[in-house]
Amino acid sequence: MRLLIVDDEQFAVEGILYCCDWKEFGVEEVLTANRADRARDIVNDKKIDLLICDIEMPDEDGLSLVGWVREHSPWTESIFLTCHSEFSYAKKAVNLGSFDYLLKPVDSAELLSAVSGMIAAIREKEEYESYNKMYHKYLNLWQQEKPKRVERFWQDLLSRSILSFGDFFERELAGAGVGLTTGDLVLPILISIEEWNKPLNPRDQEIMEYAVKKAAEEFFTEDQQGEAVTDKSGVLFILLYAKGKEEGGRAAETLIIQKLTAMGKRFIKACQELFYSIVTCYVGSFKPLQELPGMCESLKIMERDNISRTQSVLLYLPQDQILLSPNLDDIRLDDLISYMLSGKRESAVRFIHNLTEKLEANPCFQGRNLDALHQDTMQIIYHFLQVRGINAGSIVLFTDWTTARIRGLLQYRHWAEGIVSAVMETEFERQEKGSVIERSIRYIQQNVEEEISRASVADYVGLNPTYLSRLFKKETGQNLIDFLISVKMNRTRELLDTTDMSVSSIAQQVGYSNFSHFTKMFRKQFDVNPQEYRKVTKRLD
């Protein structure tokens, strides 16, 4: 940062020059000039950030010089010095955009205070320009990028729109060009944007979400191949690839998880500083491709249930470990329907995994036993649908799941996990959509005159705020915050129509402590401010 002192009195120049250690203020170079034409030469030659200029000079007054500087060096902040206190001088200084106007002889403390203010203003301007440059960089990338075939494959896989076993899956995988085989493993990381630290309109928010996505991809795939994917429900995942099952060994995976944890903490900090966002990372474990949808669903459940640990890197841990008896006769599929009816998807999936491992170790298990197991599992599925009153047609690819031919235990494992997860997720979504959304709406309506927020609504229904917002938007087509504001503004209109309360009293009544913000929200809702609305309705009456 450079400072230029312009004054025809050498004593005054030296007084400013040596009044402090300018480097402590971040000023690396201090230049001086005793004439306006010399000052112009310096401004043309070097970038000047700060200008301290006397008004009365023999060759040209400082007001004229600063006017020239504003045209040729608009980033320069200036302070005027003068022996005169006339209002006309101050008015001209203000019109020229001067940061301050000080009378001679200048008090050092007063001067340094003004310079500190200028420096703060310059840094704020630089920060804004840096953010603006970054914003437009990602805006251009966002506008240029087109949907990728690879991302569509992952979206279809995670939504179980692909039959994830046998030849079906191998053909889909080869056609997508992901560069993986059925023997490779994938570790998912769910990136949850909890909230923004500055107000963003919908378009800017979409651009900044894209910026977070690209930054996450750069952070986590720097040393390991992977992909950033937004699934069909709008959840951002980083998918990291491991070539071959040997790379997923316990020791190797532990080291990778430790590295990802440290990387995640740096990423969270970067999001807060660069993108004004509060982010939480949910790190899964390496899974075969066919088991990846279940792992991602488990991370979504972690996000849904997390109501206290934000801005953290959270590691996935299985909720339970079911131990099976080594005796094949002791294995009962009744346990599977019990887990399903209890809503314990992970327990149901773990049961299927342990069951197939047990059967693989049994040399007596034959094809006819596999057919019986398949039929028994289908009976459990239909029983679950009947008990819960679910229409099979509401389940994605249900006909394909039920008519698929199973050729081995490994295919049965992937098939059973897929169909059990699909029907349980349908039931869970149906229950959650109704009860959670109804409870949220009821809470907002009953507390319309309280100072409630998205976080307080989420706390009431016991869900993560980000998860609740996404669910609310999906089910109602309206943002949760917009709905909350709409309810409050409708209550405001009711009070304006039915009471003689002052507008400021009504603002406080409906939970707004900031009157200006309250007026802005009312105008946005009804295209008129509260005072104008009351005048119009009274005239109509």
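Reading the values: the criteria
- Residues numbered from 1 in each chain as written.
- Predicted model: local features only at pLDDT ≥ 70, side-chain atom pairs only at ≥ 80, totals over all residues.
- Heavy atoms only, no water.
- Helix = DSSP H or I, 4+ residues; strand = E, 2+ residues; numbered from the N terminus.
- Buried < 20%, exposed > 50% of the residue type's maximum accessible area, 1.4 Å probe, protein only.
- Contact = heavy atoms within 4.5 Å.
- Areas by Shrake-Rupley, 256 points an atom, 1.4 Å probe, with all protein chains shown as cover.
- Polar contact = N/O pair within 3.5 Å; in protein donor to acceptor, adjacent residues only side chain to side chain.
- Axes fitted to C-alpha atoms, helices over the stretch in contact; angles between N-to-C directions.
- Parallel < 35°, antiparallel > 145°, perpendicular 65-115°, else oblique.
- Nonpolar A, V, L, I, M, F, W, Y, C, P; charged D, E, K, R; others polar.
- 1 Å grid on protein atoms, 1.4 Å probe; cavity = no way out; pocket = protein on both sides within 12 Å on 5 of 7 lines; lining within 4 Å.
- Points joined across faces, edges and corners; volume = space filled by probe spheres on them.
- Salt bridge = Lys/Arg side-chain N within 4 Å of Asp/Glu carboxyl O.
- Phe/Tyr/Trp six-rings, centres within 6.5 Å; stacked < 30°, edge-to-face > 60°.
- Lys NZ or Arg CZ within 6 Å of the ring centre and 35° of its normal.

Along the chain, the regular secondary structure elements total 21 helices and 11 strands. A buried classification covers 49% of the 541 residues belonging to the chain. Of the contacts made within the chain by residues no fewer than 6 positions apart, 71% connect residues no fewer than 24 positions apart. On the chain, roughly 27600 Å² of surface is accessible, and the fraction owed to carbon and sulfur atoms is 48%.

On to the side chain of T356, then. One can find T356 in helix α12 (residues 345-360). Judged by its relative accessible area of 2%, T356 is buried. At 2.9 Å, the side chain of T356 and the backbone oxygen of H353 are in polar contact. If sequence neighbours within four positions are ignored, T356 has contacts with L409, Y412 and R413.

Once that is clear, we can look at the packing of helix α18 (residues 480-498) against helix α20 (residues 515-526). Two elements in contact, α18 and α20, have axes separated by 10 Å at closest approach and are oriented at 95°. If you check the angle between α18 and α20, you find them roughly perpendicular. Residues I485, S486, M489, N490, T492, R493 and L496 of α18 form the contact with α20, whose own contacting residues are F518, M521, F522, Q525 and F526. When grouped by side-chain class, the residues that make up the contact of α18 with α20 number 7 nonpolar, 4 polar and 1 charged.

Here we come to empty space enclosed by the protein. All chains considered together, the criterion is met by 2 cavities of 30 Å³ or more. Approximately 30 Å³ is the volume found for the second largest cavity. Lining of the second largest cavity is provided by L157, R160, I162, S164, P293 and W401. For the lining of the second largest cavity, the per-class residue count stands at 4 nonpolar, 1 polar and 1 charged.

What follows covers the pattern of salt bridges. Oppositely charged side chains can form a pair if their charged atoms are brought close together. Counted under the stated rule, the structure contains 17 salt bridges. For R2, the salt bridge is made with E29, and the minimal N-O distance between the two is 2.8 Å. With a gap of 27 residues between them, R2 in strand β1 (residues 2-6) and E29 in strand β2 (residues 29-33) connect regions that are remote in the sequence. Its relative accessible area of 26% is what places R2 among the partly exposed residues.

On to the packing of aromatic side chains. Ring pairs (aromatic) are described by centroid distance and by the angle formed between their planes. All chains considered together, the criterion is met by 16 aromatic pairs. Considering the side-chain rings of Y131 and Y276, the 5.3 Å spacing of their centres and the 70° angle between planes classify their relative orientation as edge-to-face. Taken together, the positions of Y131 in helix α5 (residues 108-144) and Y276 in the loop between α9 (250-274) and β9 (277-283) put the pair 145 residues apart, joining distant regions of the chain. Relative to F267, the ring of F220 has its centre 5.6 Å away and its plane inclined at 65°; by these criteria the two rings are edge-to-face. Here F220, found in helix α8 (residues 202-220), pairs with F267, found in helix α9; they are 47 residues apart in sequence, far enough to count as distant. Each member of the pair F220 and F267 is classed as buried. By way of ring pairs, the aromatic residues F153, W154, F169 and Y241 are connected into one cluster. A cation over a ring is seen here: K198 above Y131, with NZ or CZ 4.4 Å from the ring centre. K198 extends its terminal NZ or CZ atom over the ring of Y276, reaching a point 4.7 Å from the ring centre.

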